[in-house]
Every structure is written in structure tokens, then in C-alpha cells.
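So the chains spell out like this:
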Amino acid sequence: MKKEFVTRAYELAKEQYAALGVNTDEAIAKMKDVKISLHCWQTDDVGGFEKPDATLGGGGIQCTGNYPGKSRSIAEMKADLEQAMSLLPGKQRLNLHAIYGDFGGQTVDRDQIEVKHFQTWIDWAKKHGIGLDFNPTCFSHPKSDDGFTLSSKDESIRKFWVDHVKRCRVIAAEMGKQLGTPCVNNIWIPDGSKDMPVDRGGHRAILKKSLDEIFEITYPKAYLKDAVECKLFGIGSEAMVVGSHEFYMGYAMKNNKLLCLDNGHFHPTEQIGDKISSCLLYVDELLLHVTRGVRWDSDHVVTFNDEIMLIAQEVIRCNALDRVNVGLDYFDGSLNRIGAYVVGTRAAQQAFLFALLEPTGLIRKFEEAGKNFERLAYLESMKTMLFGAVYDKYCLDNNVPVGIDYIAVIQKYEAEVLSKR
Ligand code: RNT
Ligand code: ZN
């Protein structure tokens, strides 16, 4: 898109927002604090680079679609991430799962992973000036096949996963230390039961015990932030998920951990945007897993929809950008995967920029005066303001393609790189 066109449209938008007391330049400047953590697993449908190859399974999560071009090695994954990041304004972070270590063709079981297996990732992140986040991988493994990991009644299995997660914390803390920005290590486990269990309590007590063991060692918060992720149900764990919302909300509050809210993990009409202001009263920080569930936790590519808008609005309205860590968590194998990153990340960024452009103080006055029509009219009118021109200016300022211009770049990468895989 022509630079001159973007600038002209922005001038109009700036005037339009200024009439409501909103400073668009300030909103754009504030976007430097919106650092979205890109989930590496969209490049390869959560496959990982272990030997022997793990295939996504045993976790109640599923990636559908077989669009060609998924990454098959760390080199390809890095190239894909660099391509995606080159099309995104601002700085992102990278969120790694433990199955993406640089294992050099060796078989390294999950309870054996070490910092050295992730040093090349740390160096890569350093080179790009980005932070890393991390996740234990407690699925896609023979020891997760019976559906229980940290809450398993089989002591050897439980111990194996406790060891894995402990090692992940060592690695994550080292990532944070070397990169000078805390690494969020997020624990999600698949544990649950397809049909009605009679010992929900037993498994939850075991999970609590495992977490207590895992967190025995403390690391400086400047290096490591521990998060725990709840879920309502998964495929094969429809009747009970051990790590439910109440379980982790309680655990995070009591032990001052980050609570991870994934917007695919609740009843379809529940809004995690509504939960943010409550949770922030009781925990220091949150981790958000931003996704798009269609009828279930289907992990579709994020779009600029009401759900994501409410999430971003509540973070901004609560003035909590510095207490909310934002990561993406979707995996769709049915479309160009680089495109999936760019569409989803841009949508999440747009939600934050949109929220930063809200004249919240003005609307709150209507609310407090009981003027509900005026409040609704303002909220609706915000949707048709010249918002796109402000996001375009943000892209222009960051020297990345504006509007639809990134599509051609991705098509070229597909023709030259992805289609040859
Ligand atoms: C699964 C959780 C979890 C995973 C990733 C791959 O339902 O959302 O966060 O998606 O760990
Ligand atoms: Zn998640």
C-alpha cells in the first residue's frame, strides 16, 4: 500500500479519535508493551523434533488438516518463524515446547532434557533480541497414553513427569537468565477421564502433591515465572479433567503462581475477558492463551472477534498490561502455517490497539450516570471508527507490509520454500 495513502488516512483517523479525547500516537507508542508470544507449534502441528518422532497424541488435543509445508527441522522452524515475524509490527516472543529441543538426532527422553538441548534456541532468541517462553510436554508420549501424568496413580509414571517438569523449570530459568527477560514456563497436562470417574478427589490430591514437589525449588522471578493452565474438557477427557479451573485457580492463588487462562478451555458462552478483573485481584500475574474455539476447543486461527476484543479491553481497562502475559495457542494444519501466524498475531494486536483507542473514561461516566443507551452507542460507534488506518500506521512505522500486502509475501515464501518440502 502506498505510504502516502496510509499517512493521509492516518491523519483523518487521528482527528476523528482526537475529537473523543483519544491520542492515536500515544496508543501506537503503547503497543511496544504488547509483546505476543508466538507458539512455535503452529509451524509443525505440534509434532516436535524428538527421535523417535512423537506424533500428537495422548493429550486430548488434535490438529486437523494436512496443508503441505510444515516444518520438519529446527532450521525450517526458525526460517518459518523469521518469515512470520518479518511480517509483524513490533517485537514478539517465542514460546517453545519441550519436544522442540535441539537433540542432535539423539534419543533424549523427557526426563533427561537439559539446558544444552535448548542453547541453540537461546542463541537464536538473543540474536533476534526476543524473549523465550517454555512448556513441559506432558503428552504425545508412551507414558501419557493411559491419560494420566502428574496425577497418575502409578508412582513411576508420576515421578517421570515430575522429573520432566522440574527439568523444564531449570531450562526455562536459564532462558530467562541468559535473555534478560523472565521466561514463562506453563504447565498444562492432559490428565482426565473419558467416562465418569469415582476418584476425582484422589487424582486432584496427587496433582497437588506433584506440583508441590515441582515447585520446591524457587528461582528468581527475573528468570522464571511459573504458570498453570486449567481446562474444562478434552477429547477423551470429557467426563473429568483433573486440572480444572477451580483446581488451578486455587493452586495459583495459594502458591502465587501465574494462572493461565486459555479461551478455548471454558464453556462456549463463558468469556475469559470477564474473568481477568477477578483473577487479577488474587494473583500477581496471568498468562493468556489466545485461541479461537469453534464449537469446541478446536484451536482455530485467532481472528479479530468479540471474544478477543473483550479480552484485550479488560486488560487495558484494568491497566494490567504489565501483569498479563499474552501467548497464542492454536494449531491449524489446513492452511498456510505462516499465514496462520500472521493473521492470528495481527488479530490479537488489533484487539489491543482497539482497546487502547477506547475513550474509556468518557464511557465510564455514562455508565456511572446510568446512561446505558449512550454507553452502548459509544461502544458500537468505536467499531466503525477509522481504526484500520491506525493499525496500518503502526505497521508502516514498523516497516512491515500494510493491509493485505503481506499476502503476496507469504505466497512467494510458499512457492519458493514451503512447497519444496
Ligand atoms: C491444550 C492446551 C495447551 C496446548 C499446548 C500445545 O488444550 O491449550 O496449552 O495447546 O501446550
Ligand atoms: Zn493452551
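Structural data are supplied above this passage.
Residues numbered from 1 in each chain as written. Chains lettered and ligands numbered in written order. Predicted model: local features only at pLDDT ≥ 70, side-chain atom pairs only at ≥ 80, totals over all residues. Heavy atoms only, no water.

1. Some words on the overall build of the chain
Within the chain, the secondary structure is distributed over 14 helices and 12 strands. Projecting the C-alpha coordinates of the chain onto the three principal axes gives extents of approximately 65 × 55 × 40 Å. Within the chain, contacts between residues separated by at least 24 positions form 81% of all contacts whose residues are at least 6 apart in sequence. A total of about 18000 Å² of accessible surface is found on the chain, and carbon and sulfur atoms cover 53% of it. With 51 positive and 58 negative side-chain charges, the chain shows a separation of 3 Å between the mean positions of the two kinds. (Helix = DSSP H or I, 4+ residues; strand = E, 2+ residues; numbered from the N terminus. Contact = heavy atoms within 4.5 Å. Areas by Shrake-Rupley, 256 points an atom, 1.4 Å probe, with all protein chains shown as cover. Lys, Arg positive; Asp, Glu negative; His and termini not counted. Charge placed at Lys NZ, Arg CZ, Asp CG, Glu CD.)

2. Digging into the coordination of the zinc ion (ligand 2)
A four-donor tetrahedral metal ideally has 109.5 degree angles, and a six-donor octahedral metal ideally has angles of 90 or 180 degrees. Only E229 (OE), D262 (OD), H289 (ND1) and D329 (OD) from the protein coordinate the zinc ion (ligand 2), and they sit 2.1 to 2.2 Å from it. Viewed at the metal, the six donor atoms of the zinc ion (ligand 2) are separated by angles of 71 to 168°, and the geometry they form is octahedral. Counting gaps between the donor residues of the zinc ion (ligand 2) yields the pattern E-x32-D-x26-H-x39-D. In this pair, E229 sits in strand 6 (residues 224-229) while D329 sits in the loop between strand 12 (324-328) and helix 10 (337-356), placing the two residues 100 residues apart along the sequence. (Donors = N, O, S within 2.8 Å, 3.2 Å for Na, K, Ca; no water. Tetrahedral: all angles 85-135°; square planar, octahedral: opposite > 155°, others 65-115°.)

3. Comments concerning the pattern of salt bridges
Evaluated as defined, the whole model comprises 30 salt bridges. Among the ionic pairs, E76 bridges to R72, the shortest N-O distance being 2.5 Å. A relative accessible area of 16% places E76 in the buried class. Close ionic contact of E416 with K412 constitutes a salt bridge, the shortest N to O distance being 3.6 Å. Taken together, the residues E416 and K412, both in helix 14 (residues 405-416) and four residues apart, mark about one turn of the helix. A relative accessible area of 47% places E416 in the partly exposed class. (Salt bridge = Lys/Arg side-chain N within 4 Å of Asp/Glu carboxyl O. Buried < 20%, exposed > 50% of the residue type's maximum accessible area, 1.4 Å probe, protein only.)

4. Section: the pairing of strand 3 (residues 132-135)
The side-chain alternation of strand 3 yields two buried faces, one formed by L132 and F134 and the other by D133 and N135. Sheet topology note: the strand 2 (residues 93-97)/strand 3 ladder contains four bridges and is parallel. The partner of L94 across the bridge, within strand 3, is L132. (Pairing = 2+ DSSP bridges.)

5. Re the site of ligand 1
Around ligand 1 sit W41, I61, H97, W188, E229, K231, D262, H265, H289, D297, D329 and F331, and that is every residue in its neighbourhood. In this structure, an oxygen atom belonging to ligand 1 sits 2.7 Å away from a side-chain N or O atom of D329. For ligand 1, the protein covers 100% of the area, taking 310 Å² as the surface of the free molecule. Of all the cavities here, the one that holds ligand 1 is the largest cavity. Class assignment for the residues of the shell around ligand 1 results in four nonpolar, three polar and five charged. (Near = heavy atom within 4 Å. Polar contact = N/O pair within 3.5 Å; in protein donor to acceptor, adjacent residues only side chain to side chain. 1 Å grid on protein atoms, 1.4 Å probe; cavity = no way out; pocket = protein on both sides within 12 Å on 5 of 7 lines; lining within 4 Å. Sits in = over half its atoms within 2 Å of the grid points. Nonpolar A, V, L, I, M, F, W, Y, C, P; charged D, E, K, R; others polar.)

6. Comments concerning the packing of aromatic side chains
The geometry of an aromatic ring pair is captured by two quantities: the separation of the ring centres and the angle between the planes. Going through the model one piece at a time under the given rule, you end up with 14 aromatic pairs. With a centroid separation of 5.5 Å and 90° between ring planes, the pair formed by W121 and W124 is classed as edge-to-face. Taken as a pair, W121 and W124 lie in helix 4 (residues 119-128) at a separation of three residues, close to a single helical turn. Ring centres of F354 and F387 lie 5.4 Å apart, and the angle between their planes is 85°; on these two criteria the pair is classed as edge-to-face. Placement of F354 in helix 10 and of F387 in helix 13 (residues 387-397) is noted, with a sequence separation of 33 residues between them. The two residues F354 and F387 agree in class, both being buried. In this structure an aromatic cluster arises from ring pairing among F215, F247, Y248 and Y251. Geometry around W121 places K78 over its ring, the cationic atom sitting 5.1 Å from the centre. Cation over ring: K257 sits above F215, and NZ or CZ is 4.2 Å from the ring centre. (Phe/Tyr/Trp six-rings, centres within 6.5 Å; stacked < 30°, edge-to-face > 60°. Lys NZ or Arg CZ within 6 Å of the ring centre and 35° of its normal.)

Structural measurements only, silent on function.
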